[in-house]
Amino acid sequence: MAIRKQLASVFLLVIATSLPGWSTEVTTWASSLTPPATPIQVYPRTQCHKYWHFQNYLHWWKDRPLKTDRSLRPAVVDGQLVTPGSDVAAVKASMIRDAELAKLYQVDGMGSFASTWYQEPSYEVYLDALAGAGTVGYKHCMEIGIGIDAAFIRPALAKALASPFSAKLNGKVFISSYELDKIGPDAIAAMRQALLGEFGSTFVLVVEMSAVTADMQRLYRSGQLSTSPSATLDGLKQVLRLYLNAADGIMVESVHHMEDVTAARYDNRFDIGFYKNCLIPIFKSVLAEPAYTGKLLGLGVAAGYPNNRTGDNNSEECTRRLRYTFEAAINAAPKFIIMPEWNEQNENTSLQPTIINSWTHRRITEYYMRTIKGLPLAAREGDDPALPNCIVSYRKELKLGETLEIELLNVPDSTSTAAYTATLSLENTAGTVVKTFAPVSFTRNVLRDHTRSVGSETLAASAILRPVLTIQQSTAPMTRTYKDGLLHVAVRPTWTQDYQTVKQPLRDLATLG
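The structure reproduced in this document is the subject of the present report.

Thresholds applied
- What you see as residue numbers is a count from 1 along each chain, following the sequence as written.
- Whole-chain, interface and lining totals are the exception, using all residues; otherwise, since this is a predicted model, local features are given only for residues with pLDDT of at least 70 and side-chain atom pairs are given and counted only at 80 or more.
- To obtain the side-chain values, all non-hydrogen atoms of the structure were used and water was disregarded.
- Within this scheme, the nonpolar core is defined by two criteria: the residues are buried Ala, Val, Leu, Ile, Met, Phe, Trp, Tyr or Cys, and they are joined through side-chain atoms within 4.5 Å.
- Only protein chains enter the calculation, and the probe is 1.4 Å; a residue is then buried if its accessible area is under 20% of its type maximum, exposed if over 50%, and partly exposed in between.
- Helix numbering and strand numbering both begin at the N terminus, where a helix is a DSSP run of H or I of at least 4 residues and a strand a DSSP run of E of at least 2.
- By definition, two strands form a pair when at least two bridges between them are found by DSSP.
- An axis is simply a line fitted to the C-alpha atoms; with a helix, the fit covers only the stretch in contact. Between two such axes, the angle follows the N-to-C directions and lies from 0 to 180 degrees.
- The criterion used for residue contact is that any of the two residues' heavy atoms lie within 4.5 Å.
- When describing relative orientation, an angle under 35 degrees is termed roughly parallel and one over 145 degrees roughly antiparallel, while 65 to 115 degrees is termed roughly perpendicular and anything else oblique.
- Only Asp, Glu, Lys and Arg are considered charged, only Ala, Val, Leu, Ile, Met, Phe, Trp, Tyr, Cys and Pro nonpolar, and every remaining residue, Gly among them, polar.
- Any carboxyl oxygen of Asp or Glu that lies within 4 Å of a side-chain nitrogen of Lys or Arg is treated as forming a salt bridge with it.
- Given the number of residues in a helix, its expected span is that number minus one, multiplied by 1.5 Å.

We now examine the nonpolar core. Formed by 94 residues in total, the largest nonpolar core has its most connected members in M142 and Y275. Tallying contributions element by element places helix α8 (residues 272-287) first for this core, with nine residues. Core analysis: the second largest hydrophobic core is formed by 31 residues, L400, Y420, A422 and V489 among them.

Set out below in structure tokens:
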């Protein structure tokens with residue numbers, strides 16, 4: 001401990017003055033959602049060509065799927081399959097496991113890539129898996145990437161047209177895309193015309209505008225682009241028209257890379273102002289022109305991209321990025337939403353249940369999906385409804401000088417107006433309280449967070465911090481303290497590679513003692 005205090009005293013001034021000083025102790029956010037007039041279709045993208053439930057995820061990544069099942073793994077002896085074809089059968093079983101999990105989120109299905117030069121034809125295999133399992137209440141969305149032409153899409157589209165499991169918009173097979181604007185409107189128009197010539201008007205092709213939106217954000221940051229009239233805005237709208245002339249709609253899904261970097265943080269924050277107040281209004285203004293009646297708008301929702309392997313640490317902001325993007329997208333009333341991604345372990349973007357995320361993303365996504373579909377709120381099976389549906393989130397590792405932000409989020413799952421109070425404190429490994437925060441109050445039927453913050457430099461003597469949360473409520477009278485079930489926070493003197501948030505629904509925690 002003496003060595004740690006000495007290190008802290010040496011590095012504290014440098015670190016604390018070189019990082020932004022976020023000292024606000026409490027911030028509060030509440031939902032301001034407008035339910036859409038018509039349902040919005042929602043599809044997380046799944047990387048089903050490389051992540052399966054039978055894999056060994058230990059020691060590869062900072063997190064792993066909660067529902068991993070090694071019993072699905074095909075038997076191999078001396079590098080050879082014991083049963084020929086069992087590898088494909090195992091992949092299909094994993095696909096069905098994902099489909100059944102996704103249904104719990106109330107999403108319409110998932111999406112995966114068709115035959116492209118850089119991935120397996122996972123879309124076609126997925127349709128076969130769904131047919132073999134007789135899955136109900138699920139549709140699978142076709143996605144395409146760059147470096148392709150009509151020949152790559154043809155077999156997948158033919159299969160989609162014959163499958164009851166293919167996702168459709170306006171009664172036509174839905175083809176989503178990834179970074180497709182990079183090949184330009186002329187190439188897109190030629191590809192679409194070739195498909196129309198063979199298949200007729202049986203599909204809709206929507207262009208993902210990642211390159212255009214990246215240019216838009218650079219202009220927005222420099223003050224050269226807004227919704228106010230300007231030559232820059234006129235030129236941008238003309239670019240959007242070229243893509244709308246070439247395809248059936250435009251979309252943006254890269255919200256996990258849409259960062260506000262003005263604070264020069266290591267964990268970049270989502271640029272909600274750009275997404276909500278610039279990008280979406282400009283897209284919608286062009287789509288509202290009479291020439292583009294019937295053209296489609298798609299938007300993105302994501303949890304984050306804390307990928308230390310690439311140095312691209314785009315913060316989850318506890319659960320705020322997921323909620324901010326959901327609310328901005330739903331309030332814009334697009335035709336569909338794409339969510340990157342269901343199971344991308346390498347990039348820590350996973351929406352599926354994982355060890356670190358638990359069932360958090362399901363709880364939040366299901367709330368929004370029930371709102372979209374006009375369904376009544378409902379508790380997750382196995383939940384104890386006497387406990388509030390409260391989620392505790394924070395980064396599990398910091399370096400001195402960074403702010404520890406602990407988010408307390410209430411997610412409504414009933415119409416109950418019962419109130420409860422949450423009191424948070426931090427202890428060191430000896431059980432000594434080193435920080436106590438004032439109590440905050442929640443009402444069960446309101447989606448709201450209270451985020452408590454403290455500079456880690458003020459707690460430099462503690463290498464490990466243990467959050468302690470006490471919940472008090474008068475309805476179904478209860479006082480319960482959560483301590484041993486909550487993950488600790490490691491505070492490092494000089495550096496960290498771990499920017500992932502741990503998310504812990506209280507109802508998911510084991511009851512100890």
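A few words now on the sheet that holds strand β27 (residues 501-505). Picture the strands of a sheet paired through backbone hydrogen bonds; they go either parallel or antiparallel. Strand order across the open sheet formed by five strands is β1-β23-β19-β17-β27, with antiparallel pairing between neighbours. Of all the strands in the sheet, just β1 (26-30) and β27 have a single pairing partner and so form its edges. Taking each pair of neighbouring strands and ignoring which way they run, the sheet shows an average axis angle of 15°. As paired strands, strand β19 (residues 403-410) and strand β23 (residues 448-455) are joined by eight bridges and run antiparallel to one another. Bridging across to β23, T403 finds its partner in G455. Across the sheet, helix α9 (residues 320-331) is in contact with β1, β19 and β23; its angle to β19 comes to roughly 55°. Strand contacts of helix α10 (residues 360-373): β1, β17 (390-395), β19 and β27, with the helix running at about 70° to β27, the strand carrying the most contacts.

This part covers the packing of helix α6 (residues 210-221) against helix α7 (residues 231-246). Each packed pair of helices is defined by two parameters, the angle between the axes and the distance between the axes. Two elements in contact, α6 and α7, have axes separated by 12 Å at closest approach and are oriented at 170°. Judged by the angle between their axes, α6 and α7 are roughly antiparallel. Side by side, α6 and α7 meet where V212, M216 and L219 of the first sit next to T232, L236, V239, L240 and Y243 of the second. For the contact of α6 with α7, the residue count by class is seven nonpolar, one polar and no charged.

A few words on the pattern of salt bridges. Enumeration according to the criterion identifies 36 salt bridges in this entry. A salt bridge links D267 to R269; the shortest N-O distance between them is 3.2 Å. Residue class for R269 comes out buried when judged on its relative accessible area of 13%. Notably, a salt bridge pairs K399 with E402, separated by 3.2 Å at the nearest N-O pair. Both residues of the pair, K399 and E402, count as buried. Several salt bridges share partner residues, and in doing so they unite D267, R269, R320, R323, R395, K399, E402, E405, E407 and D449 into one network.

Take α7 next. Compared with the 22 Å implied by 1.5 Å per residue over 16 residues, the 23 Å span of α7 between its first and last C-alpha is a close match. Within the sequence span of α7, burial applies to L233, L236, K237, L240, Y243, L244 and A246. Lining the buried residues of α7 we find α5 (184-199), β9 (203-208), α6, β10 (249-251) and α8.

On to the side chain of E344, then. With respect to the secondary-structure elements, E344 resides in the loop between β16 (336-340) and α10. Assessed through its relative accessible area of 2%, E344 is described here as buried. With residues up to four places along the chain from it excluded, the contact list for E344 reads Q47, K50, Y51, T349 and S350.

With that out of the way, let us pick up the pairing of strand β13 (residues 296-300). Most of β13 sits out of view: five of its five residues are buried. Residues L296, G298 and G300 line one face of β13 and the alternating positions L297 and L299 line the opposite face, and both faces are buried. Here β10 pairs with β13 via three bridges, running parallel. Looking across to β13, one finds that I250 is bridged to L297.

For the rest of this paragraph, the subject is unusual backbone geometry. The amide bond that connects P340 to the next residue, E341, takes the cis arrangement and shows omega of -5°. Relative to the helices and strands, E341 is located in the loop between β16 and α10. Of note, the phi angle at H59 is positive, near 70°, even though the residue is not glycine. Its location among the elements puts H59 in the loop between β2 (41-45) and β3 (76-77). Phi at E179 takes a positive value of approximately 55°, unusual for a residue other than glycine. Here E179 is to be found in the loop between β8 (172-177) and α5. Relative accessible area serves as the criterion here: at 19%, E179 is assigned to the buried category.

These values are about where atoms sit, not about what they do.
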